[in-house]
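# Residue-level structural notes
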Amino acid sequence: MKRTAVTLAVLGALSLSAQAMARDTINIVGSSTVFPFATTVAENFGNATEFNTPKIESTGSGGGMKLFCAGVGVDQPDITNASRRMKVSEFEKCQENGVTEITEVVIGYDGIAIANSKKADQFELSLRDVWLALAKDVPDPDGGEKLVPNPYKTWKEVNPDLPDVAIEVLGPPPTSGTRDAFAEIAMEGGCKSFDWIAAIKGEDKSKYKAICRTVREDGAYVEAGENDNLIVQKLDSNADALGVFGFSFLDQNSDKLQGTIIDGVEPTFDNIASGAYPVSRSLYFYVKNAHVGTIPGILEYVTAFTSENAWGPDGYLPGKGLIPLPDDMRAKIAKSSQAMEPMSSPK
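Residues numbered from 1 in each chain as written. Predicted model: local features only at pLDDT ≥ 70, side-chain atom pairs only at ≥ 80, totals over all residues. Heavy atoms only, no water.

The name that an unreviewed UniProt entry assigns to the chain is Phosphate-binding protein PstS, with the source organism given as Thiorhodovibrio winogradskyi.

### Let's talk about unusual backbone geometry
A positive phi angle, near 50°, is found at Asp263, a position not held by glycine. Mapping Asp263 onto the fold places it in the loop between strand 12 (261–262) and helix 13 (269–274). (Helix = DSSP H or I, 4+ residues; strand = E, 2+ residues; numbered from the N terminus.)

### What about the state of the cysteines?
Tallied over the entire structure, the rule returns two disulfides. Each disulfide pairs two cysteine sulfurs, and for Cys69 the partner residue is Cys94, the sulfurs being separated by 2.0 Å. What sets the handedness of the Cys69 and Cys94 disulfide is the S-S torsion sign, and at about -75° it is left-handed. On the criterion of sequence distance, the pair formed by Cys69 in the loop between helix 3 (61–68) and strand 3 (79–82) and Cys94 in helix 4 (residues 88–96) is long-range, its members being 25 residues apart. Look at Cys94 and you get buried, because its relative accessible area is 0%. Shown here is the disulfide that connects Cys191 with Cys212, its sulfur atoms set 2.1 Å apart. The chirality of the disulfide connecting Cys191 with Cys212 is left-handed, given an S-S dihedral of about -60°. Taken together, the residues span a long stretch of sequence, with Cys191 in helix 7 (residues 177–191) and Cys212 in helix 10 (residues 205–213) at a distance of 21 residues. The class of Cys191 is buried, set by a relative accessible area of 0%. Owing to a relative accessible area of 0%, Cys212 belongs among the buried residues under this scheme. (Disulfide = S-S within 2.5 Å. Buried < 20%, exposed > 50% of the residue type's maximum accessible area, 1.4 Å probe, protein only.)

### Observations concerning the pairing of strand 10 (residues 242–246)
With respect to burial, strand 10 is a largely interior element, five of its five residues being buried. Summarising the sheet, strand 8 (residues 169–171) and strand 10 pair through two bridges and their orientation is parallel. Bridge assignment links Val169 to a residue of strand 10, and that residue is Leu242. (Pairing = 2+ DSSP bridges.)

### Digging into the environment of Gly275
Relative to the assigned elements, Gly275 resides in the loop between helix 13 and strand 13 (280–288). For the pair Gly275 and Tyr109, spaced 166 residues apart in sequence, the C-alpha separation works out to 9.7 Å.

### Describing the packing of helix 2 (residues 35–48) against helix 14 (residues 298–305)
Remark: helix 2 packs on helix 14, axes separated minimally by 10 Å, with the N-to-C direction vectors making an angle of 115°. For the element pair helix 2 and helix 14, the recorded crossing hand is right-handed. Side by side, helix 2 and helix 14 meet where Phe37, Ala38, Val41, Ala42 and Phe45 of the first sit next to Glu300, Tyr301, Ala304 and Phe305 of the second. Its residues placed into classes, the contact of helix 2 with helix 14 shows eight nonpolar, no polar and one charged. (Axes fitted to C-alpha atoms, helices over the stretch in contact; angles between N-to-C directions. Left-handed = near helix turned anticlockwise from the far one by under 90°. Contact = heavy atoms within 4.5 Å. Nonpolar A, V, L, I, M, F, W, Y, C, P; charged D, E, K, R; others polar.)

### Considering the packing of helix 5 (residues 127–134) against helix 7
Running from N to C, helix 5 and helix 7 point in directions that differ by 100°, and their axes come no closer than 6 Å. In terms of orientation, helix 5 lies roughly perpendicular with respect to helix 7. Contacts between helix 5 and helix 7 pair Leu127, Arg128, Val130, Trp131 and Leu134 from the former with Phe182, Ile185, Ala186, Met187, Gly189, Gly190 and Cys191 from the latter. In terms of residue class, the contact of helix 5 with helix 7 is built from nine nonpolar, two polar and one charged. (Parallel < 35°, antiparallel > 145°, perpendicular 65-115°, else oblique.)

### Observations regarding the pattern of salt bridges
Taken as a whole and judged by the stated rule, the model has 14 salt bridges. Ionic pairing is found between Arg330 and Glu308, a salt bridge with its closest N-O pair at 2.9 Å. One end of the pair, Arg330, is in helix 16 (residues 327–338); the other, Glu308, is in helix 15 (residues 308–311), with 22 residues separating them in the sequence. On the basis of relative accessibility, which here comes to 44%, the residue Glu308 falls in the partly exposed class. A single salt-bridge network, built from bridges that share partners, covers Arg84, Lys87, Glu90 and Asp180. (Salt bridge = Lys/Arg side-chain N within 4 Å of Asp/Glu carboxyl O.)

### Things to note about the side chain of Asn150
Along the chain, Asn150 falls in the loop between strand 7 (147–149) and helix 6 (155–158). Here the side chain of Asn150 touches Ala135 through a polar contact of 2.7 Å, landing on its backbone oxygen. Contacts of Asn150, omitting those with residues within four sequence positions, involve Leu132, Ala133, Leu134, Ala135, Lys136, Asp137, Val138, Arg216 and Asp218. (Polar contact = N/O pair within 3.5 Å; in protein donor to acceptor, adjacent residues only side chain to side chain.)

Here's what the structure looks like:
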């Protein structure tokens, strides 16, 4: 396996050097959540430097990882954005395909907002409410420690204090990092509030994850694709629906949408930064080190992204909704990323 990876890396590097002049623009794929931040940096980078403005494609975190890990060469992307950390399986696929040195860059924090139109009342939900409304199987409402297919049709059936409107939540598909993080943080957060289900984790972790993170498929949850702006448009035209997306999209559409209060905390910049908001995560991008020095401008782009002018508290990215990392963490990551330090397996 190692010999194959080395051979692929060597062949890829040779191919990359031979074809370098075929591409003089950085190729970036990945997360729709990171897309607006990366696009802003790319536009500033293209205007302020001698390099071309990077080409960025919103493919979702999972789709971006698949493309990124396919191999080394000018036909392969240089960078992938992600709204969750690279999985062990993705790292191993990269290694198998000769993408042996990867630099991981944590760029900041983001909250996963559940929002609705301002034409309707603001929702107040607990994580338990969220899970009961969206899980494929839930505890039997008649009692006992057993699971049944989700019977809930309205929010009021989930919780008598909630509105008597049909459960309709528009959200990202399984290829999305936002979907992964929502399932892990929000769904599982509500699921484990049932002690008897939480106890399953110690006995059978796979079974526990399947119970807690599997979303119902009967129409209550609607996969709306990787385009978060499309979810925003649909919410504006359907006052009864809720949507799931990154905080930045809520922030940029605050004239139309309002964030749901989760466990008593609103999704605001300050609440996410402080850790008070319960549904928050880190954002990333990953660099293919074999392409650095061959495809023009990659290191310079990384340097621009990790500059205080961009991601610092007074930089231009927080104005777009990015929640900055602490000062010491930003300094550490800027140093390691600009040195192109390869990551180890994310186990």
